[in-house]
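So the chains spell out like this:
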Amino acid sequence: MTTTDPRQLTFAIPKGRILDEALPVMARAGVVPEDAFHDKSNRALSFATTRDDMRLIRVRAFDVATFVAHGAAQVGIVGSDVIEEFDYADLYAPVDLDIGHCRLSVARVKGDAGNQSHVSHLRVATKYPNLTRRHFERQGIQAECVKLNGAMELAPSLGLARQIVDLVSTGRTLKDNGLEESQRILDISARLIVNRAALKTDSRVAELVDAFRAIAEDRAAA
């Protein structure tokens, strides 16, 4: 585990679906974690890297954005869903890494074809209340959001909410729980994010942006 050094850059990365795809991209940019990072039994949240001036923190995706926006981390990788949900003024997302693809969608019980055109109010289970409200507001519908952090697919069958808004990749989880995708809200990919102040004051942050941008351009050209 690393010790805290204010001169070090802190690079925040998310647990979960994006991480496996992000690591090879990070390695190409010179961001390589210590061996302990890959130890599945290791519960540490902060790790050294092959760069003496950089450490990694591994946190929940929503927390990546919060750490970077508030300057506790200078750089991070997170899905565009998180960026759009929080809309932090101090967060800048200069590079689309073209990994971690999925979508944010509305889903409901399969066969529930209730006419939504005359509905003015809906209860929706989601961990994306801001994106959900904005989506339904565009349709003239007030969404009452029930905040859940997981097991979203249970909400309709247990009467908590008729519809859910959640991430969808293959759609298998929805199908296995008797749900179907009804509306697509947002196509998602992982982005490099930086703290705006750090970008202006620390040349290392700008160098990382340039490195990740070059990698993204190479991938797009391949």
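That block above? That's the structure.
All values derive from a computational prediction rather than experimental measurement.

A. Region of the structure containing the environment of V31. Structurally, V31 is set in the loop between helix 1 (19–28) and strand 2 (46–48). Sequence-wise, V31 and H135 are 104 residues apart; in three dimensions their C-alpha atoms are separated by 37 Å. When sequence neighbours within four positions are dropped, the list of residues in contact with V31 reads F11, M26, M54, L56, L208 and F212.

B. Local environment of the sheet that holds strand 10 (residues 179–188). Within the open sheet, the five strands sit side by side as 8-7-9-6-10. Their pairing is mixed. The open sheet terminates on both sides in strands that have one partner only, identified here as strand 8 (142–147) and strand 10. When the angles between neighbouring strand axes are averaged without regard to direction, this sheet yields 30°. For strand 6 (residues 102–109) and strand 10, the ladder comprises eight bridges, and the chain directions are antiparallel. By the bridge assignment for strand 10, A107 is matched with E181. Of the strands in this sheet, strand 6, strand 7 (121–126), strand 8, strand 9 (163–168) and strand 10 touch helix 4 (residues 129–137), which is tilted by about 160° from strand 8.

C. Focus on the sheet that holds strand 5 (residues 91–96). If you walk across this open sheet you meet the six strands as 2-3-1-4-11-5, and the pairing is mixed. Each of the sheet's edge strands pairs with one partner strand only, and the pair in question is strand 2 and strand 5. Going from strand to strand, the sheet's axes swing by 30° on average, the running direction of each strand aside. Looking at chain direction, strand 1 (residues 9–14) and strand 3 (residues 54–59) are connected through six bridges and run parallel. If you follow I13 over to strand 3, its bridge partner there is R58. Contacting strand 1, strand 3, strand 4 (75–79), strand 5 and strand 11 (190–195), helix 7 (residues 203–221) crosses the sheet at an angle of about 30° to strand 5.

Criteria and cut-off values
- Per chain, the residues get numbers from 1 upward, laid out in the order the sequence is written.
- Under the rules for a predicted model, residues below a pLDDT of 70 receive no local features and side-chain atom pairs below 80 are neither given nor counted, while totals for whole chains, interfaces and linings still include all residues.
- Calculation of side-chain values draws on the structure's entire complement of heavy atoms; hydrogens and water are dropped beforehand.
- Numbering of helices and strands runs from the N terminus, with a helix taken as a DSSP run of H or I at least four residues long and a strand as a DSSP run of E at least two residues long.
- Any pair of residues with heavy atoms lying within 4.5 Å of one another is described as a contacting pair.
- Strands were regarded as paired on the criterion that DSSP finds at least two bridges between them.
- Axes here refer to lines fitted to C-alpha atoms; in helices the fit is confined to the stretch in contact. Angles between the N-to-C directions go from 0 to 180 degrees.

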